[in-house]
Amino acid sequence: MLAHSNSEFLEFVKLIDGDVLGAVFIIGTVGIFVSFIVLVVSIARTWNNIAVVRMNQRLIQELLQKGYSVDEIERLAYGGFAWRQRFRKLFRSAKSQFATYVNRNKYENQPMPPYKQSV
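Fair warning: this is a prediction, and the values are worked out from it, not measured in the lab.

Rules used throughout
Residues numbered from 1 in each chain as written. Predicted model: local features only at pLDDT ≥ 70, side-chain atom pairs only at ≥ 80, totals over all residues. Heavy atoms only, no water. Axes fitted to C-alpha atoms, helices over the stretch in contact; angles between N-to-C directions. Helix = DSSP H or I, 4+ residues; strand = E, 2+ residues; numbered from the N terminus. Left-handed = near helix turned anticlockwise from the far one by under 90°. Contact = heavy atoms within 4.5 Å. Nonpolar A, V, L, I, M, F, W, Y, C, P; charged D, E, K, R; others polar. Expected span 1.5 Å × (residues − 1).

Trainee: Got a minute to help me understand the packing of helix α2 (residues 18-66) against helix α3 (residues 70-78) in this structure?
Mentor: When two helices pack together, their arrangement is given by the angle between their axes and by how far apart the axes lie. Close contact between α2 and α3 brings their axes to 10 Å; oriented N to C, the two are set at 145°. Relative to α3, α2 is oriented so that their crossing is right-handed. Contact residues: α2 offers Leu59, Ile60, Leu63 and Leu64, while α3 offers Ile73, Leu76, Ala77 and Tyr78. Among the residues making up the contact of α2 with α3, the classes are represented as 8 nonpolar, no polar and no charged.

Trainee: Explain α2 here, please?
Mentor: Under the 1.5 Å per step criterion, the end-to-end length of α2 is 72 Å for 49 residues, consistent within 8% with the ideal 72 Å. One or two residues past the end of α2 sits Gly67, with phi positive at roughly 100°.

Printed below as a string of structure tokens:
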């Protein structure tokens, strides 16, 4: 049965034009390589994220064993509340300044519209 289905497949391949078969082969090869690269990158990033999470958990456990409070651990491990507020303030300031800069220069290089002069 396997030999019969194999011969049918070979007959089907012989019926297909050589150019089409070559294009299908090239597209299939490129697709396999792209899929392989995406798979390798995904596995590497996942492995890296797991390593970072484990490192953070070990750091937190060590700090808890040394007697640090939860607030101190948050400040040491994640930058704390004060840094978060400073970054938010910085980004909001930059965003508002960029928005005013864009709106200020919006009409600078546009010509004046024509208007009808009254007599």
